[in-house]
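Reading the structure
Each chain is listed here by its residues.
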Amino acid sequence: MTGLLMGVTSTEALIERMCPFQDEDRIFLAFDKSCLPYVKDFLVAREEMYALCYEHPPKLAAERIFTRLIENLLREHLALNLETVMLLTDEQVLALLGLAAVTSLETSQLLSALLQNVEYTKVLEVDLTNNTNALISEWNIARLTPRMGRWAYVDWSSEREKAIAIAAGIGEQNKWRVLVAIPDQRTGVPPALNVKILEQAAPGYAVKNIFDIDSGMQRRLEDANKARQKIRIFADSRLDPQQIKEVAEVAKNLFESH
């Protein structure tokens, strides 16, 4: 949809060399070892696409705005539930948000920003490996706990946005002008990848994990994945420059102080 291409992976080669492999009562989907270069190119290209496209800062800001719109919709219209909203078309969701905007100033402002493609300025980027910061450590622990999923991926950002808006002096009523975007950590990245490579072995064939065959591949993917390990804070570009500076300072104090 964006026209951005990363890598020149031969899809045909991947498909042609993909085969099932049965080991006792388990069946794996494996790739013939001759396909290994194409598999590696595909995996690296995927990480680069996440960093340069799927999780590009302007896209993350837009997704965070949309998430907040859906949060407001569900909170203010209790007859709706997330399962119902997920079944709606884009046009139906926008129509519902348009109706909700009539009675909610925040929804009205967020929807306007989304539809008008208002730029949100990135004021801070925080590395998730900074475990010396209490907030980052708290989030890292929560995201690995299944029962804390909603808090980690929805509520946590909302709480930080409100806190930053108040501390920066723009007020809780303008918290929609601050966005805290977190990466989706549920995608299959090292060491969670379980790509099986089929190779000849006496007597017959055997499957191995790609990292057992090429140990350097895991380091390569981990290096590419570092670009995704960020929490990004945005401020509405229409704020006064001094207000944007205040948002940046407050965010820095929250996320970079020990």
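I will try to describe carefully the structure that is included in this document. None of the values given here were measured: they were computed from a predicted structure. Here, residues in each chain are numbered from 1, in the same order as that chain's written sequence. Predicted model: local features are reported for residues with pLDDT of at least 70 only, side-chain atom pairs are reported and counted for 80 or more only, and whole-chain, interface and lining totals are derived from all residues. Hydrogens and water molecules were not included; the side-chain quantities draw on all heavy atoms of the structure.

1. Some words on the overall build of the protein chain
Spelled out, the test is: Counting from the N terminus, the helices are DSSP H or I runs at least four residues long and the strands are E runs at least two residues long. A simple rule labels every residue: compare its accessible area, found with a 1.4 Å probe on the protein chains alone, to the largest value its type can have, and call it buried under 20%, exposed over 50%, or partly exposed in between. Residue contacts are counted whenever heavy atoms from the two residues lie within 4.5 Å of one another. Here the open area of atoms and residues is found with the Shrake-Rupley method and a 1.4 Å probe, where only the protein chains shown may cover a residue. In this tally, Lys and Arg are treated as positive and Asp and Glu as negative; His is ignored, and so are the chain termini. For charged residues, the charge sits on one atom: NZ in Lys, CZ in Arg, CG in Asp, CD in Glu.
Scanning the protein chain from N- to C-terminus turns up 11 helices and seven strands. With the principal axes as the frame, the protein chain shows a C-alpha extent of 70 × 45 × 35 Å. Relative to its full complement of 258 residues, the protein chain shows a buried share of 42%. Contacts in the protein chain between residues at least 24 apart in sequence constitute 68% of all its contacts with a sequence separation of at least 6. Surface exposure of the protein chain reaches about 14600 Å², of which carbon and sulfur atoms provide 55%. Mean positive and mean negative side-chain charge positions of the protein chain (29 and 36 charges, respectively) differ by 3 Å.

2. Re the sheet that holds strand β6 (residues 204-209)
Heads up, the rule is: Note on pairing: two strands pair once DSSP finds at least 2 bridges between them. The convention used is that axes are lines fitted to C-alpha atoms, helices contributing only their stretch in contact, and that angles between N-to-C directions extend from 0 to 180 degrees.
With mixed pairing, the four strands of this open sheet are ordered in space as β1-β2-β5-β6. At either margin of the open sheet sits one strand with a lone partner, and together these are β1 (18-23) and β6. Looking at each pair of strands side by side, their axes are set apart by 50° on average, direction ignored. Taken together, the six bridges between strand β5 (residues 196-201) and β6 define a ladder with antiparallel strand orientation. Bridge pairing links A201 to G204 in β6.

3. Brief notes about the nonpolar core
Which entries qualify depends on this criterion: Definition used in this section: a nonpolar core is a set of buried Ala, Val, Leu, Ile, Met, Phe, Trp, Tyr and Cys residues joined via side-chain atoms within 4.5 Å.
Counting 29 residues, the largest nonpolar core has V123, W156, I164, I231, I233 and F255 as the members making the most contacts within it. If you list the elements that add at least two residues to this core, you get β3 (120-127), α7 (134-143), α8 (149-167), β4 (178-181), β7 (230-236) and α11 (241-256). Not counting the four nearest positions on each side in its chain, I164 is found in contact with V178, V180, I233, V247, V250, A251, L254 and F255. Core analysis: the second largest hydrophobic core is formed by 20 residues, A101, L111, Y120 and W176 among them.

4. Observations regarding the pairing of β4
What you see with β4 is no split at all: V178 and V180 on one side and L179 and A181 on the other are buried throughout. Looking at chain direction, β4 and β7 are connected through four bridges and run antiparallel. In the sheet register, V180 faces β7, and the bridge partner there is I233.

5. Describing the pattern of salt bridges
Selection rule: Here, a salt bridge means any Lys or Arg side-chain nitrogen found within 4 Å of an Asp or Glu carboxyl oxygen.
Enumeration according to the criterion identifies 21 salt bridges in this entry. Close ionic contact of K33 with E199 constitutes a salt bridge, the shortest N to O distance being 3.1 Å. You can see K33 sitting in the loop between β2 (26-32) and α2 (36-54) and its partner E199 sitting in strand β5, a full 166 residues away along the chain. K33 gets classed as partly exposed once you look at its relative accessible area, which sits at 38%. You can call E199 buried: its relative accessible area is 12%. Between E47 and R46 there is a salt bridge, with its nearest N and O atoms 3.9 Å apart.

Keep in mind these numbers describe shape, not what the thing actually does.
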